Amino acid sequence: MASAVAIVAVPALAADQAMVVLDLSGSMSRESGNGQARISMARSTLDEALANLPADLPIGLAAFGGREAGSCTDIQVLAEPRNGAGRPIAQLVRAARPR
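Residues numbered from 1 in each chain as written. Predicted model: local features only at pLDDT ≥ 70, side-chain atom pairs only at ≥ 80, totals over all residues. Heavy atoms only, no water.

Here helix H1 (residues 38–51) spans 20 Å end to end across 14 residues, near enough to the 20 Å set by a 1.5 Å rise per residue. Looking only at H1, the buried set comprises Ile39, Arg43, Leu46, Ala49 and Leu50. When H1 is viewed along its axis, its buried side chains cluster within an angular range of 135° and face the same direction. Seen from the open side of H1, the exposed residues pointing more than 90 degrees away from its buried face are Glu48 and Ala51. If you follow the buried residues of H1, they end up packed against strand S1 (18–23), strand S2 (59–64) and helix H2 (86–95). (Helix = DSSP H or I, 4+ residues; strand = E, 2+ residues; numbered from the N terminus. Expected span 1.5 Å × (residues − 1). Buried < 20%, exposed > 50% of the residue type's maximum accessible area, 1.4 Å probe, protein only. Arc of directions from axis to C-beta. Contact = heavy atoms within 4.5 Å.)

For H2, the full list of buried residues reads Gly86, Ile89, Ala90 and Val93. The arc enclosing the buried residues of H2, seen along the axis, measures out at 100°, which places them on a common side. Every exposed residue of H2 that faces more than 90 degrees away from the buried side is listed here: Arg87 and Ala95. On its buried face, H2 sits against S1, H1, S2 and strand S3 (75–82).

Pairing of S1 with S2, which is carried by 6 bridges, proceeds in the parallel orientation. Within S2, the residue paired with Asp23 across the bridge is Phe64. As a crossover connection, the stretch from S1 through H1 into S2 is right-handed. (Pairing = 2+ DSSP bridges. Right-handed = clockwise from strand over helix to strand, strands pointing away.)

On to the pattern of salt bridges, then. The final tally for this structure, using the stated rule, is 1 salt bridge. For Asp47, the salt bridge identified is with Arg94, shortest N-O distance 3.3 Å. Of this pair, Asp47 sits in helix H1 while Arg94 sits in helix H2; the two residues are 47 residues apart in sequence, bridging distant segments of the chain. Classification of Asp47 as partly exposed rests on a relative accessible area of 32%. (Salt bridge = Lys/Arg side-chain N within 4 Å of Asp/Glu carboxyl O.)

Looking at the secondary structure, you find Ile75 in strand S3. On the basis of relative accessibility, which here comes to 58%, the residue Ile75 falls in the exposed class. Spatially, the C-alpha atoms of Ile75 and Phe64 are 4.3 Å apart, while their sequence positions differ by 11 residues.

Structure follows, in structure tokens:
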């Protein structure tokens, strides 16, 4: 019997703000089991999640592994939390490249 697992991003309604943390390590360039690069899957999932967040929820973006190849301790804040940041964050994520 085949089974399927769905992962859904749901914002916490009681949250004062949210921070998305993006893995930009080299492993995100690898293909997942469905033949799609992990970073592509992350971008798609994040686009959908950001579209469903309330506009008045301050949201920010942090990433790790994006400046130093092979280092997951390389952490940087790419966007401080602010209202209406869903579209700008999605653009940052689309432009980000794993190292």
